[in-house]
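# An overview of the molecular structure
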Amino acid sequence: MAGSPRRTAGRRLQLPLLCLLLQGATAILFAVFVRYNHETDAALWHWHNHSNADNEFYFRYPSFQDVHTMIFVGFGFLMVFLQRYGFSSVGFTFLSAAFALQWSTLVQGFFHSFHRGHIHVGVESLLRVKDAGGSMTIHAFGAYFGLVLSRVLYRPQLEKSKHRQGSVYHSDLFAMIGTIFLWIFWPSFNSAPTTLGDGQHRSALNTYYSLTASTLSTFALSALVGRDGRLDMVHIQNAALAGGVVVGTSAEMMLTPFGALVAGFLAGTVSTLGYKFFTPTLESKLKVQDTCGVHNLHGMPGVLGALLGVLVAGLATHEAYGDGLESVFPLLAKGQRSATSQAMHQLFGLFVTLIFASVGGSLGGLLLRLPFLDAPPDSQCYEDQVYWEVPGEHEDLAQGPLRAEELETQA
Amino acid sequence: MAGSPRRTAGRRLQLPLLCLLLQGATAILFAVFVRYNHETDAALWHWHNHSNADNEFYFRYPSFQDVHTMIFVGFGFLMVFLQRYGFSSVGFTFLSAAFALQWSTLVQGFFHSFHRGHIHVGVESLLRVKDAGGSMTIHAFGAYFGLVLSRVLYRPQLEKSKHRQGSVYHSDLFAMIGTIFLWIFWPSFNSAPTTLGDGQHRSALNTYYSLTASTLSTFALSALVGRDGRLDMVHIQNAALAGGVVVGTSAEMMLTPFGALVAGFLAGTVSTLGYKFFTPTLESKLKVQDTCGVHNLHGMPGVLGALLGVLVAGLATHEAYGDGLESVFPLLAKGQRSATSQAMHQLFGLFVTLIFASVGGSLGGLLLRLPFLDAPPDSQCYEDQVYWEVPGEHEDLAQGPLRAEELETQA
Amino acid sequence: MAGSPRRTAGRRLQLPLLCLLLQGATAILFAVFVRYNHETDAALWHWHNHSNADNEFYFRYPSFQDVHTMIFVGFGFLMVFLQRYGFSSVGFTFLSAAFALQWSTLVQGFFHSFHRGHIHVGVESLLRVKDAGGSMTIHAFGAYFGLVLSRVLYRPQLEKSKHRQGSVYHSDLFAMIGTIFLWIFWPSFNSAPTTLGDGQHRSALNTYYSLTASTLSTFALSALVGRDGRLDMVHIQNAALAGGVVVGTSAEMMLTPFGALVAGFLAGTVSTLGYKFFTPTLESKLKVQDTCGVHNLHGMPGVLGALLGVLVAGLATHEAYGDGLESVFPLLAKGQRSATSQAMHQLFGLFVTLIFASVGGSLGGLLLRLPFLDAPPDSQCYEDQVYWEVPGEHEDLAQGPLRAEELETQA
């Protein structure tokens with residue numbers, strides 16, 4: 001199972017070299033460019049005798065921690081549902097998120113806080129870029145980037161690993177830890193980058209209502225389409241969260257609580273039906289292998305959310321927003337753009353996002369097919385032992401702790 | 001195992017219809033009645049040029065998130081201790097809590113924030129109603145409502161499912177996730193609805209001290225009454241939390257740190273002894289099947305907490321509370337009621353609570369016995385497969401999903 | 001397996017007596033000494049008509065909750081990696097932390113808030129003592145105290161329990177819950193005791209950057225030294241956290257983001273190499289049995305962090321800190337000490353810490369060897385059944401703790 005000596009040697013060096021190279025590069029860029037900002041630098045902060053309670057830390061840190069919990073705990077555990085891929089799911093999410101914190105300091109820093117040759121950092125530097133369209137630029141982009149990439153990497157022989165593609169009882173419970181933490185902190189995620197005050201308050205509230213409705217519609221639809229009316233854990237773990245995705249663009253707008261319920265309900269419905277009917281077609285017809293169902297949780301609800309943003313923006317009036325129009329739609333408030341024109345811009349943004357995602361995903365896929373990048377064979381996908389020491393494997397593979405499930409699914 | 005065709009068809013429709021009906025009804029009520037309040041509405045908030053940092057969001061949101069974590073993570077995982085009922089425990093808690101967020105917006109809204117035909121909502125609308133007696137109205141009410149309901153639904157043949165009523169090693173560890181999150185966020189739960197300032201601070205502090213003492217007494221008593229002096233996970237998972245229940249009414253009063261320790265110690269003791277000696281009697285003598293021991297965690301500590309509230313209220317003096325009396329006991333502060341009279345009112349409140357709980361529980365039980373509501377047979381209680389697709393069940397039951405660990409520990 | 005009748009009787013009384021004695025003693029001390037402070041006492045708070053929003057509760061409570069989550073969830077679950085010691089790991093962490101909250105109120109109260117015969121308490125009384133050198137006084141002290149204690153308690157026959165010293169697949173996933181919660185809340189832990197404003201903000205930021213770098217170096221080194229290039233869960237669970245330890249002393253200083261990356265990277269490297277090469281030597285040569293690798297996570301990174309504090313303190317200038325020097329190094333700001341002299345004091349502090357840890361650990365070890373304290377035999381270490389009822393053990397010990405599911409699924 002350990003593979004050929006050449007592959008083993010390659011694997012021994014691949015991850016270390018990648019980590020060391022990336023860490024070395026970011027460290028040098030940090031040394032040259034990154035400095036504390038006026039909220040974190042001892043001399044700058046005390047220069048003007050601020051009141052310590054005014055430090056932005058106290059306004060941003062709680063939301064910031066919620067979002068971190070969501071990413072590290074939520075996404076980390078959500079993918080532990082795979083019976084033999086739990087170490088990889090939680091471990092590689094951990095590694096990627098840690099590096100992303102460094103990298104986003106640099107990328108966002110160059111775009112947003114680059115003054116006189118330096119990036120100035122505080123906790124808000126570690127937060128996602130302000131983005132009036134999370135449904136588009138995060139969910140729809142990420143989903144279609146990944147799906148196109150998966151199309152390029154299509155493995156016709158993947159059914160050799162089919163027996164490991166499902167869950168076992170306790171791996172599903174671990175995944176529910178992920179789901180629940182994502183659910184409760186999604187309102188923080190959607191509200192964190194919005195303007196302080198009513199905008200942040202409204203975003204959190206709309207996201208909550210939308211999530212409650214997607215949860216109800218997911219349970220309803222899952223039982224309706226299930227074998228003997230039984231619920232499917234995959235639906236509950238994922239589609240119940242679609243309400244958070246679908247209001248990504250419009251949560252800070254005057255969506256109304258009723259609008260949030262309707263949006264969430266639709267998103268949960270579309271997402272559950274996607275898992276049941278569309279995912280199988282996606283593989284058989286379009287040759288896209290979507291193990292986690294990102295098309296159902298991020299793809300379709302993301303596009304739906306972008307379209308909802310088009311609608312709600314198109315309906316924006318001075319009457320509904322009052323002086324608050326300035327912070328939600330500044331160009332409308334200044335009279336430089338009509339509501340309809342704002343809606344058209346939003347729609348155009350969606351198309352641009354989908355084109356960039358497709359081109360980026362294709363290029364990414366081709367890059368990952370470079371021969372010196374060592375991918376596991378078709379029969380060893382979804383298998384922790386390729387990358388991890390798994391307890392029990394030394395003693396006797398026949399006795400290994402995961403042998404059982406395998407035996408069982410093969411039986 | 002799938003049951004008769006008629007039952008299957010009934011089950012396929014029952015949950016979807018219930019969800020769709022409830023969601024449809026709340027959505028219509030939201031459309032007609034629910035509006036953003038002045039903290040969440042763009043126009044209303046900006047009408048008076050508030051400072052954004054004053055938005056109530058920043059004072060309420062952290063506690064609010066703590067309480068949500070407690071309910072979704074804490075209660076969700078606490079009941080995962082049942083070896084084959086984990087999906088149902090975490091899944092149905094998730095569904096109920098999501099719907100409760102919508103429903104409580106309406107119910108509390110009609111009573112507390114109904115102006116000119118509309119309910120006005122912000123994050124505090126999703127918080128529990130202000131309640132100087134959580135021990136009574138939440139814990140004692142909920143416990144006795146449920147116990148009376150369980151009496152009405154008594155199943156003499158439930159021992160047919162006895163073999164699934166216990167835990168397995170890892171299901172107990174999942175339950176401890178629930179316990180720990182309940183423990184650390186219980187101070188937020190008790191303090192969230194109290195008055196801002198010293199009241200909220202004191203509630204959190206008293207709850208902490210009470211919880212530490214109930215934890216110590218639970219460990220002490222569990223070892224004392226255990227077989228060969230061994231600790232019982234059921235006690236630790238539940239009775240250690242009784243300290244949070246017992247100060248539900250009195251946490252915001254001048255209970256003193258010493259008083260909190262004594263109250264918590266007693267609650268942990270009563271609760272542990274209840275699990276050991278009273279729960280078996282409850283079933284054999286009173287025909288009440290209390291699988292989770294709610295009588296021990298919520299019933300007795302809730303009544304104890306209500307009585308503690310009677311005592312501490314009866315001892316309230318102007319000297320001890322100073323000008324703070326106004327916010328804890330407004331009627332005392334205004335001279336409209338004496339401390340003794342306040343105590344009598346608290347005691348009367350307990351009796352009313354218990355009567356309402358008994359009547360409500362009886363009616364609820366009779367409702368659930370309606371023939372078209374399809375309950376699982378006695379031999380299939382505590383079994384996820386009744387409601388959920390469970391991994392592995394298709395292939396061969398003899399190979400069950402947890403077979404692997406067993407093989408290994410035998411090696 | 002239950003042991004002799006005398007041992008059983010001893011065990012039945014030992015834990016209860018210890019809990020009751022400690023709880024009794026603290027309760028009496030609470031009754032005599034502990035009072036609400038001016039932020040939690042109804043009369044004192046309202047005496048001066050404070051604005052309720054100024055109550056320290058609102059500034060301290062979110063960080064305080066983060067630290068509690070870290071201790072109860074993080075440390076509780078981190079040690080669940082042992083396959084048959086999960087109940088003990090999470091249970092005894094729970095018990096110890098609960099008692100520590102009471103005890104630290106008294107100990108810190110006598111030293112820090114003792115006025116006119118009383119200790120005055122609010123939530124900050126439950127926080128760790130302010131400590132400009134967490135790397136030293138918490139991590140290095142704790143680690144070497146424990147290691148010396150373990151040397152005194154050395155068991156040459158411990159290999160009799162070797163088969164229980166490792167993990168199983170799902171116990172490793174539980175441990176990752178611990179790791180992730182420790183990681184995300186470590187910035188709160190390092191920043192909680194520092195001065196409000198820029199100091200707290202900077203501590204959190206430096207800790208984040210250091211943790212990201214230790215995560216990258218841990219993954220890199222773990223694959224580099226692993227069998228066939230495979231990652232080791234023990235490294236990821238522990239060494240990835242070394243970045244939090246290593247900046248314990250210097251996080252509030254002007255370490256610079258680059259400095260934080262370098263420190264974290266080194267700590268992750270040293271810690272991973274320690275697990276691979278030093279831990280085996282520690283047992284074979286120095287007779288120290290370090291099951292959890294505290295030397296690698298707390299010992300070496302703690303000493304490294306203390307030395308980093310010496311370096312950064314020695315480089316402190318008025319120019320770099322401006323008026324902020326007052327809050328980080330008050331004696332430097334007042335001109336009573338030079339930067340070099342501050343560095344020497346820090347270095348001296350490390351030596352004192354190590355000496356106290358060694359002496360304390362020796363005495364503690366001798367105390368624990370007292371004959372009436374009943375330790376489990378060499379063949380029953382790392383075994384929950386010594387202290388806990390473990391599900392399934394009644395039926396047949398030869399079938400291990402997970403017998404239950406198997407019986408049932410075979411039925």
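Residues numbered from 1 in each chain as written. Chains lettered and ligands numbered in written order. Predicted model: local features only at pLDDT ≥ 70, side-chain atom pairs only at ≥ 80, totals over all residues. Heavy atoms only, no water.

### Some points on the sheet that holds strand 2 (residues 114-115) of chain C
With respect to topology, three strands assemble into an open sheet ordered 1-3-2 (chain C), the strand pairing being mixed. A single partner strand is all that each edge strand has here, and the edge strands are strand 1 (34-36) and strand 2 of chain C. (Pairing = 2+ DSSP bridges. Helix = DSSP H or I, 4+ residues; strand = E, 2+ residues; numbered from the N terminus.)

### Points about the relation of the copies chain C and chain B
For the pair chain C and chain B, the relating rotation is 120 degrees, the translation along its axis is 0.0 Å, and the fit reaches an RMSD of 0.0 Å. The operation mapping one copy onto its partner corresponds to a three-fold rotation axis. If distances are taken from each C-alpha of chain C to the rotation axis, the shortest is found for C:Pro62, at 3.9 Å. (Least-squares fit on C-alpha atoms with pLDDT ≥ 70 in both.)

### Some points on helix 10 (residues 257-284) of chain B
With 28 residues, helix 10 of chain B should cover 40 Å at 1.5 Å per step; its first-to-last C-alpha distance of 40 Å lies within 8% of that length. The largest bend in helix 10 of chain B amounts to roughly 50 degrees and is located at B:Tyr275. (Expected span 1.5 Å × (residues − 1). Bend = angle between axes of the 7 residues up to and from the residue.)

### Examining the interface of chain C and chain B
Between chain C and chain B, the residue contacts involve 86 residues of the former and 81 residues of the latter. Roughly 7,400 Å² of surface becomes buried between chain C and chain B when both sides are summed, with 70% attributable to carbon and sulfur atoms. Applying the counting rule to chain C against chain B returns one salt bridge. Between C:Glu389 and B:Arg227 there is a salt bridge whose closest N-O contact spans 3.2 Å. Between chain C and chain B we count 10 residue pairs in polar contact (both at pLDDT 80 or more) in total. Mapped onto the side of chain C that touches chain B, the elements with two or more residues apiece are helix 1 (5-33), strand 1, helix 2 (42-47), helix 3 (57-78), helix 4 (86-112), helix 6 (169-191) and helix 16 (403-410) of chain C. Top element by residues in the side of chain C that touches chain B is helix 1 of chain C. It accounts for 13 residues. For the side of chain C that touches chain B, a count of residues per class yields 50 nonpolar, 24 polar and 12 charged. (Contact = heavy atoms within 4.5 Å. Buried area = accessible area lost by both parts, 1.4 Å probe. Salt bridge = Lys/Arg side-chain N within 4 Å of Asp/Glu carboxyl O. Polar contact = N/O pair within 3.5 Å; in protein donor to acceptor, adjacent residues only side chain to side chain. Nonpolar A, V, L, I, M, F, W, Y, C, P; charged D, E, K, R; others polar.)

### Some remarks on the pairing of strand 3 (residues 118-121) of chain C
Residues and elements named next belong to chain C. A one-sided burial pattern is seen for strand 3, the buried positions being Ile119 and Val121 and the unburied ones His118 and His120. Examined bridge by bridge, strand 1 and strand 3 share three bridges and lie parallel to one another. Within strand 3, the position partnered with Tyr36 by the bridge is Val121. Taking the residues that link successive antiparallel strands as the turn, the strand 2-strand 3 hairpin has two residues, and the phi of Arg116 there is positive, at about 45 degrees. (Buried < 20%, exposed > 50% of the residue type's maximum accessible area, 1.4 Å probe, protein only.)

### Thoughts on a nonpolar patch on the surface
A contiguous nonpolar surface patch, about 840 Å² in accessible area, is contributed by A:Phe348, A:Phe351, A:Val352, A:Ile355, A:Phe356, A:Val359, A:Leu363 and A:Leu366. Tracing the chain through its elements places A:Ile355 in helix 15 (residues 339-368). (Patch = residues over 30% accessible without salt bridge, like charges linked within 9 Å, V, L, I, M, F, W, Y side chains within 5 Å. Areas by Shrake-Rupley, 256 points an atom, 1.4 Å probe, with all protein chains shown as cover.)

### Notes on the side chain of A:Asp384
Within the element layout of this structure, A:Asp384 appears in the loop between helix 15 and helix 16 (403-410). Look at A:Asp384: it is buried, it has no salt bridge, and the nearest opposite charge is A:Arg84 at 7.2 Å. Looking at A:Asp384, its side chain comes within polar contact range of the side chain of C:Tyr169, at 2.4 Å. (Lys, Arg positive; Asp, Glu negative; His and termini not counted.)

### Notes on the interface of chain A and chain C
The interface of chain A with chain C comprises 75 residues on the first partner and 66 residues on the second. When chain A packs against chain C, close to 6,100 Å² is buried across both sides, 73% of that on carbon and sulfur atoms. Of all residues in chain A, A:Arg12, A:Tyr36 and A:Phe94 give up the largest surface area on contact with chain C, accounting jointly for 12% of the area buried on that side. On the surface where chain A and chain C come into contact, there are one salt bridge. Those elements giving two or more residues to the side of chain A that touches chain C turn out to be helix 1 (5-33), strand 1 (34-36), helix 2 (42-47), helix 3 (57-78), helix 4 (86-112) and helix 6 (169-191) of chain A. Considering each element in turn, the side of chain A that touches chain C owes the most residues, 13 residues, to helix 1 of chain A. Considered class by class, the residues forming the side of chain A that touches chain C number 47 nonpolar, 20 polar and eight charged.

### Let's talk about the packing of aromatic side chains
All told, the structure shown has 54 aromatic pairs over all chains when counted by the stated rule. Taken together, a centroid distance of 5.1 Å and an interplanar angle of 85 degrees make the contact between A:Phe30 and C:Tyr209 edge-to-face. Taken together, the residues A:Phe30 in helix 1 and C:Tyr209 in helix 7 (residues 198-225) connect one chain to another. For the pair A:Phe30 and C:Tyr209, a shared accessibility class is recorded, and that class is buried. Of the aromatic side chains, those joined through ring pairs into one cluster are A:Phe87, A:Phe92, A:Phe94, A:Tyr387, A:Trp388, C:Tyr169, C:Trp183, C:Tyr208 and C:Phe219. (Phe/Tyr/Trp six-rings, centres within 6.5 Å; stacked < 30°, edge-to-face > 60°.)

### Section: the relation of the copies chain A and chain C
The transformation that overlays chain A on chain C combines an axial shift of 0.0 Å with a rotation of 120 degrees, and the residual RMSD is 0.0 Å. Of the residues that chain A buries at the interface, just 8% are likewise interface residues in chain C, meaning the two copies contact each other through different surfaces.

### A few points about the pattern of salt bridges
Residues and elements named next belong to chain A. If you walk through the whole model with that rule in mind, you get 15 salt bridges over all chains. For Arg84, the salt bridge is made with Glu383, and the minimal N-O distance between the two is 2.8 Å. Taken together, the positions of Arg84 in the loop between helix 3 and helix 4 and Glu383 in the loop between helix 15 and helix 16 put the pair 299 residues apart, joining distant regions of the chain. Here Arg84 and Glu383 have matching classes, each one buried.

### Side note on unusual backbone geometry
Residue A:Thr256 is not a glycine yet carries a positive backbone phi of 70 degrees. Inspection of the secondary structure assignment puts A:Thr256 in the loop between helix 9 (242-246) and helix 10 (257-284). Given the relative accessible area of 35%, A:Thr256 is considered partly exposed. Unusually for a residue other than glycine, B:Tyr382 sits at a positive phi of about 55 degrees. Position of B:Tyr382 among the secondary structure elements: in the loop between helix 15 (339-368) and helix 16 (403-410).

### A short note on the nonpolar core
Counting 261 residues, the largest nonpolar core has A:Trp183, A:Tyr321, B:Trp183, B:Tyr321, C:Trp183 and C:Tyr321 as its most contacted members. Within the second largest apolar cluster, 12 residues are counted, among which are A:Ala143, A:Leu282, A:Met300 and A:Ala306. (Core = buried A, V, L, I, M, F, W, Y, C linked by side-chain atoms within 4.5 Å.)

### Quick look at the pairing of strand 3 (residues 118-121) of chain B
When a strand is regular, its side chains alternate between the sheet's two faces. Direction of pairing for strand 2 (residues 114-115) of chain B relative to strand 3 of chain B: antiparallel, over a ladder of two bridges. In the sheet register, B:Phe114 faces strand 3 of chain B, and the bridge partner there is B:Ile119.

### Points about the side chain of B:Gln23
By the element assignment, B:Gln23 lies in helix 1 (residues 5-33). When near neighbours in sequence (up to four residues on either side) are disregarded, B:Gln23 contacts A:Thr212, A:Ala213, A:Leu216, A:Leu261, A:Phe265 and B:Gln102.

### Examining the packing of helix 5 (residues 134-152) of chain B against helix 15 of chain B
Residue and element names in this part refer to chain B. Two elements in contact, helix 5 and helix 15, have axes whose closest approach is 7 Å; the angle formed by their N-to-C orientations is 35 degrees. The element helix 5 and its partner helix 15 pack so that their crossing is right-handed. Classifying every residue of the contact of helix 5 with helix 15 gives 13 nonpolar, nine polar and no charged. (Axes fitted to C-alpha atoms, helices over the stretch in contact; angles between N-to-C directions. Left-handed = near helix turned anticlockwise from the far one by under 90°.)

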